[in-house]
There are 2 protein chains.
Amino acid sequence: MNKKTDFLKHKAYRLRRLVLQMTTKAGSGHATSCLSCAEIMAMLFFDVMCFDPDNYENPNNDRFILSKGHAAPILYAIWHELGKVSQKELFSYRTLGSSLEGHPTRRFLYTECATGSLGIGLSVGVGESLYAKMESLTYKTFVLLGDSELSEGSIWESVFIAAQYKLDNLVAIIDMNRLGQSTETMFANHAEKYKVLFAACGWHPIVVKNGHDIVLLKQAFAESVSITGKPVVIIADTIKGYGVTFAENKNGFHGKAFDEEQLSTILPELETRFSDAVSEPDFSWEPLLPPNIAVQKQKKIQLIQKPSELFKEKKIPTRKAFGIVLAELGTLNECVVSLDAEVKNSTYAEIFESAHPNRFFQCFVAEQNMIGSAIGFASRGAVPFVSTFSCFLSRAFDQIRMAAIGTAAIKIVGSHAGVSIGQDGPSQMGLEDIAMMKTVQNSVIFYPCDAISTAKVMNVMLQYNDGICYLRTTREATEVIYNDSHEFELGGFQVLKKSQQDMVVIIAAGVTVFESLKAYEMLQKEEMFVRVIDLYCVKPLNAETLTAEIRASNGKVVIVEDHYKDGGIGESIMATLCNKLFYFEHLGIFEIPTSGSQEEQRRFHQIDAKAIVEAVKQVANK
Amino acid sequence: MNKKTDFLKHKAYRLRRLVLQMTTKAGSGHATSCLSCAEIMAMLFFDVMCFDPDNYENPNNDRFILSKGHAAPILYAIWHELGKVSQKELFSYRTLGSSLEGHPTRRFLYTECATGSLGIGLSVGVGESLYAKMESLTYKTFVLLGDSELSEGSIWESVFIAAQYKLDNLVAIIDMNRLGQSTETMFANHAEKYKVLFAACGWHPIVVKNGHDIVLLKQAFAESVSITGKPVVIIADTIKGYGVTFAENKNGFHGKAFDEEQLSTILPELETRFSDAVSEPDFSWEPLLPPNIAVQKQKKIQLIQKPSELFKEKKIPTRKAFGIVLAELGTLNECVVSLDAEVKNSTYAEIFESAHPNRFFQCFVAEQNMIGSAIGFASRGAVPFVSTFSCFLSRAFDQIRMAAIGTAAIKIVGSHAGVSIGQDGPSQMGLEDIAMMKTVQNSVIFYPCDAISTAKVMNVMLQYNDGICYLRTTREATEVIYNDSHEFELGGFQVLKKSQQDMVVIIAAGVTVFESLKAYEMLQKEEMFVRVIDLYCVKPLNAETLTAEIRASNGKVVIVEDHYKDGGIGESIMATLCNKLFYFEHLGIFEIPTSGSQEEQRRFHQIDAKAIVEAVKQVANK
């Protein structure tokens, strides 16, 4: 026991020394934020967590999430001490090309998710804990939180959900170092305030009066893993900058690396101050390996072969098709899970819930935690589909952004897109969602118009692993226009109408496909021929194939979409093809809508058949 | 007293009857969510709040915010009962052109902000309460919350901040009707859980065991206005659908209007059940007028005339210029306030804080509440500037979206834009912010490259009242290239270099302006002449003046920006001018960046001078 304690003290000393050296060498980085959690990190990795350092993906490994991502150096230093990061790699921290970035991304192999935007780690931890419960896996998830980030609402969404699901396999540790970036935190170092608050939220709180005391930490962690029925939070009273006397517990040192000159006095001082911890004690550390009962599941994806068998009605909303297809995909693939933000009867995630209740997770009205939890599920090998109204996804934009940075393969479904929802008014309309999903990198956006294409693109979504996929669905029932033989792919589109004498091509998606088909009929009566394209894949665009269709249509294009013109489908197409000498007309939502019926909305915003006909005539004369 | 009680019961009856009629006529709407709060609303407007119905903008009026915006019909019904909304207008609810939308917007005159996305009202209330404290106004702010929205993290950001600022002029009322849209809420009707939780957050909680009992409500409100030093929450146990027996306290009736046939039995039943409340009692209600000591401040805006006097250095980061200018604008204009999300030493809002500490509000790391509070400040007549890292504004996208829907004149400042921040990595880089700000309607986006232009565009921001303004600032110091005589305006740009023989025009903004100027010098040495444009106003674009400059530059354009290409500046320009037969080359961030120095970043992503030179040469040959 004493030797182990000495060993842990030594590790904390080593971590301190390394993070100081790394940040000084990089010339930037959050040294003081690492110094406050050195003992906590040493304890977690060398005493508390059961994991196999040689097999990070062992499904029974305890998981660790560094929610205070700016303390990245100490995470890298840990894996150096575990023998997985070389000295050279360690000191490549923050240099171009290094996987040891300023804040962790998944380019660093030993991390669950990208962090660095505060308030996200706990939600990922909730997802990983829910996954363990679902799969009856024994691992625990440990999340290290900064105290500054406890003012982020997203944290409290996760706190409530963790209690609701009784996640006794989740342990949060608060590195309560009192100081934020520029000022004291709201609760400062009043551990009792946190204790009462977490208890009120249904958690089991444990206060550690000195978060630099290995013995006290040991007691707290021992208690933490013994609790059942509740998630646990360890509130560790720490000192920011601990070990660098002149910076300890002082404002003004956040996110600052010490310079070489400072370091030349800091390191000797550190050695003197922690003199009993400098030498490696005679202790042979062995990792606490997890029980090796679980094997990593093979994620063999089964696709839906004949979507037509799933749909009986001739008209069906794509949101309902989503629910039906998701349930079927869930039957074919055990890895599929569904998370919904308390609108399952609107998104139709309830169909999945009925079929697979143990893989459906009610996330209540808390979109941020929902996206974060999905990252956690994906990290552990599940394929999560999250659903809510498309407009409310904006609540979780930062989480979506961070999911993309971490190339989390999550599937996001936004229903009630566009003004076509009708009377509920602009707050309920997804009119910015495409812009939001488009700007994050490696994202894929599908916006199918009917049930069959919804099923087909969901097949594609299931196989996409390089980032987020977004599926945009519609409230109203739309006609089923495709059959099982139609093929749908990344960057694809369907040419619904074409002739040798097409004067204009109409590019539509979702509800405007039907308005375009109506426009086609109206124009045909006047012997005007147009090509009609269903751009079911909004991102990525295939510039080459689109160009060919436009060339064959006289180089004239009408784009019509139920999204704000700013940042919508049209902008992408026009920007992509702006050098092709084509002529474009763009119909889309041009001002904040008000309440009104679906038809009134489409008329007012000029995205209905009549407006399309007028645009075609105008463009044809250009 | 008894007569007053009878009168309030009668009003609750009237409200119930009206919302049932309105929603049935509209064929949609949230009837049952109104029925649970009829007594609360009757109490607030006819017994508790001091306000002048004839002068909504009286600065001493108590304010009311309907955070559960789906209960809009009951707000409209209240103002009908107050004589301000005609019968005809009332029944125009949810029809095209009516200001009585499905969820309230500011097109309805008697509202503080747009609501309908849950979890926003309390943050607006925090802003209004902070404003009252700042201005020593006596009004109180009442916020009606649904219980479903208490799972939104944004609510808890506001709860913490309200306690931190000891907002005893803020009263939240929870309409605890137990049921959400599709399921029971997490805390169901366990009022004690809410009580303990709010108490732990530093609030004074009051439980009303029957939220339909006028006498109990009266006691609670009396207590609420007597509390000092703490915000108050009234937790009212109510029944969803109260008054419609078959729908009461049952799932499946959320957001559903009853049809005419149902209404024909509901209304008689209502009459029988509330028989003692049907007739108007003999009671002459008079509004509780507020003390008339305050007068609405005239918001006469003073602009900065000579920005050059504010800056001493030759090089200065635009983020620092922002801080300096904000402090000066604060000196000139008492209405200017600053809200910062715990990064004041990075955004330089700390300069304003030093100059005007009583008008600076530390919002901690809670971006959602910060934006919501800014809406509240703006609603009461202040001019709020909110600041944080540009990337972290994504955390509050929904609030920004709702601010835009409510045409709130708030000024948002995002620092640390682009890969040019260097080593911190992608989580800290604003690379999606322009896309986000662009897609919301009536927004203005400024991205100045130097200190003088920062000051000048902030003058313009101060005068813009039609929606949100976004200012994008840079981390690194940039040369001051403008002087006081340069003019900056909405839709404007500066032509920095021009000649008669320009072969290409380079359009840049922010840091890329300087790379473009370097490229200009490099090209000049090879006797290649290019026009250089500083597009300091990213939105709105002036297509006409831009077209003229491009025409004069041979119709060839290189756009270079430090933002993802998807959704950035280039996409807007190319989409706007796609029919002009120009030739475009677009340089921008094309993949998720990693850590690296500023120069390395710009080189890798090909937005530096060298890349611009290459692009110009390529474009010139097209």
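Residues numbered from 1 in each chain as written. Chains lettered and ligands numbered in written order. Predicted model: local features only at pLDDT ≥ 70, side-chain atom pairs only at ≥ 80, totals over all residues. Heavy atoms only, no water.

A.B. asks: Please clarify how the packing of helix H18 (residues 511–525) of chain B against helix H22 (residues 609–620) of chain B should be interpreted in this entry.
C.D. replies: Residue and element names in this part refer to chain B. H22 packs onto H18 with a crossing angle of 60° between their chain directions and a minimal axis gap of 8 Å. One way to sum up the angle between H18 and H22 is to call them oblique. Relative to H22, H18 is oriented so that their crossing is right-handed. Only Ala 609, Lys 610, Ile 612, Val 613, Val 616 and Lys 617 of H22 make contact with H18, whose side of the interface consists of Thr 512, Glu 515, Ser 516, Lys 518, Ala 519, Met 522 and Leu 523. Taken together, the residues of the contact of H18 with H22 break down into seven nonpolar, two polar and four charged. (Axes fitted to C-alpha atoms, helices over the stretch in contact; angles between N-to-C directions. Helix = DSSP H or I, 4+ residues; strand = E, 2+ residues; numbered from the N terminus. Parallel < 35°, antiparallel > 145°, perpendicular 65-115°, else oblique. Left-handed = near helix turned anticlockwise from the far one by under 90°. Contact = heavy atoms within 4.5 Å. Nonpolar A, V, L, I, M, F, W, Y, C, P; charged D, E, K, R; others polar.)

A.B. asks: Would you mind going over the relation of the copies chain B and chain A with me for this structure?
C.D. replies: Comparison of the two chain copies shows a relationship of rotation about an axis with a shift along it. Superposing chain B onto chain A takes a rotation of 180° combined with a translation of 0.0 Å along the rotation axis, leaving an RMSD of 0.0 Å. Look at the turn and shift together and you get a two-fold axis relating the two. Relative to the rotation axis, the closest C-alpha in chain B is found at B:Gly153, a distance of 1.8 Å. Both copies present the same face, since 98% of the interface residues in chain B are matched by interface residues at the equivalent positions in chain A. (Least-squares fit on C-alpha atoms with pLDDT ≥ 70 in both.)

A.B. asks: Would you explain a nonpolar patch on the surface in this entry?
C.D. replies: Residues A:Leu96, B:Phe590 and B:Phe604 make up a contiguous nonpolar surface patch of roughly 250 Å² in combined accessible area. Looking at the element boundaries, A:Leu96 is found in the loop between helix H5 (87–90) and helix H6 (121–135). The exposure class of A:Leu96 is partly exposed, given its relative accessible area of 34%. (Patch = residues over 30% accessible without salt bridge, like charges linked within 9 Å, V, L, I, M, F, W, Y side chains within 5 Å. Areas by Shrake-Rupley, 256 points an atom, 1.4 Å probe, with all protein chains shown as cover. Salt bridge = Lys/Arg side-chain N within 4 Å of Asp/Glu carboxyl O. Buried < 20%, exposed > 50% of the residue type's maximum accessible area, 1.4 Å probe, protein only.)

A.B. asks: What's the story with helix H9 (residues 214–224) of chain B in this structure? I'm lost.
C.D. replies: Because an α-helix packs 3.6 residues into every turn, residues spaced three or four apart end up facing the same way. Residues and elements named next belong to chain B. For H9, the full list of buried residues reads Ile 214, Leu 217, Ala 220, Phe 221 and Ser 224. On an axial view of H9, the arc spanned by its buried residues comes to 125°, and they lie on one face. For H9, the secondary structure elements touched by its buried residues are helix H1 (2–26), helix H3 (38–48), strand E2 (141–146), strand E3 (170–176), strand E4 (204–208) and strand E5 (232–237). The residue sitting at the N-terminus of H9 and contributing the capping side-chain oxygen is Asp 213; that oxygen lies 2.8 Å from the backbone nitrogen of Val 215. (Arc of directions from axis to C-beta. Polar contact = N/O pair within 3.5 Å; in protein donor to acceptor, adjacent residues only side chain to side chain.)

A.B. asks: Mind showing me how you'd approach the nonpolar core here?
C.D. replies: The nonpolar side chains of a soluble globular protein tend to be buried with one another. The biggest cluster of nonpolar side chains holds 316 residues, and the ones touching the most others in it are A:Trp156, A:Trp203, A:Phe385, B:Trp156, B:Trp203 and B:Phe385. Not counting residues within four places of it along the chain, the set of residues in contact with A:Phe385 comprises A:Phe322, A:Leu326, A:Leu329, A:Val336, A:Val337, A:Ser338, A:Leu339, A:Lys411, A:Val413, A:Met458, A:Met461 and A:Leu462. Ranked by size, the runner-up nonpolar core spans 70 residues in total, among them B:Val48, B:Val85, B:Phe108 and B:Ala236. (Core = buried A, V, L, I, M, F, W, Y, C linked by side-chain atoms within 4.5 Å.)

A.B. asks: What is the right way to read the interface of chain B and chain A from this model?
C.D. replies: How big an interface is tends to be reported as the loss of accessible area on association of its parts. Listed per partner, the contact involves 102 residues of chain B and 100 residues of chain A. Taken together, the two surfaces of chain B and chain A that pack against each other cover about 8200 Å², and 53% of this comes from carbon and sulfur. With its nearest N and O atoms 3.3 Å apart, the salt bridge here joins A:Glu571 to B:Lys438. Put simply, chain B and chain A have 59 residue pairs in polar contact (both at pLDDT 80 or more) between them. Class assignment for the residues of the side of chain B that touches chain A results in 41 nonpolar, 41 polar and 20 charged. (Buried area = accessible area lost by both parts, 1.4 Å probe.)

A.B. asks: Help me understand the sheet that holds E3(B) in this model?
C.D. replies: Backbone-to-backbone hydrogen bonds join strands into a sheet, with any given pair of strands oriented parallel or antiparallel. Residue and element names in this part refer to chain B. The parallel open sheet is built from five strands, whose spatial order is E1-E2-E3-E5-E4. If you trace the sheet from one side to the other, it starts and ends with strand E1 (63–66) and E4, each paired once. On average, each strand axis in the sheet is inclined to that of its neighbour by 20°, with strand direction left out of account. Strand direction decides the pairing type here: E2 and E3, joined by six bridges, are parallel. (Pairing = 2+ DSSP bridges.)

A.B. asks: Sorry, what's going on with the side chain of A:Gln598 here?
C.D. replies: Within the secondary structure layout, A:Gln598 lies in helix H21 (residues 598–604). Not counting residues within four places of it along the chain, the set of residues in contact with A:Gln598 comprises A:Ser420, A:Ile421, A:Gly422 and A:Glu476.

A.B. asks: Can you help me understand the confidence of the model for chain A in this one?
C.D. replies: Low-pLDDT stretches of the model should not have their predicted coordinates read in fine detail. With 99% of its residues at a pLDDT of 70 or more, chain A has an overall mean of 97. As scored by the predictor, the complex reaches a pTM of 0.98 and an ipTM of 0.98. (pLDDT = per-residue confidence, 0-100.)

A.B. asks: Teacher, can you tell me more about unusual backbone geometry here?
C.D. replies: Peptide bonds are mostly trans, and most non-glycine residues show a negative phi. Cis geometry marks the peptide bond from A:Lys539 to A:Pro540; its omega dihedral reads 0°. Looking at the secondary structure, you find A:Pro540 in the loop between strand E17 (537–539) and helix H19 (543–551). Here the phi dihedral of A:Tyr348 falls at roughly 70°; this positive angle occurs in a residue that is not glycine. Inspection of the secondary structure assignment puts A:Tyr348 in the loop between helix H12 (344–347) and helix H13 (349–355). Of note, the phi angle at B:Phe364 is positive, near 55°, even though the residue is not glycine. Among the structural elements, B:Phe364 can be located in the loop between strand E8 (360–362) and helix H14 (367–379).

A.B. asks: Honestly, the pattern of salt bridges in this entry has me stumped. Any pointers?
C.D. replies: Side-chain pairs of opposite charge can arise where the charged atoms are in close proximity. Summed over all chains, the structure comprises 64 salt bridges over all chains. Where B:Lys617 meets B:Glu526, a salt bridge forms, and the shortest distance between an N and an O atom there is 3.0 Å. Taken together, the positions of B:Lys617 in helix H22 and B:Glu526 in the loop between H18 and strand E16 (530–534) put the pair 91 residues apart, joining distant regions of the chain. Ionic pairing is found between B:Asp608 and B:Arg603, a salt bridge with its closest N-O pair at 2.6 Å. According to the relative accessible area criterion, B:Asp608 is buried, its value standing at 10%. Among the residues examined, B:Arg603 registers a relative accessible area of 32% and is labelled partly exposed. Because the salt bridges share partners, they merge into one network encompassing A:Glu57, A:Arg63, A:Glu112, A:Glu128 and A:Arg380.

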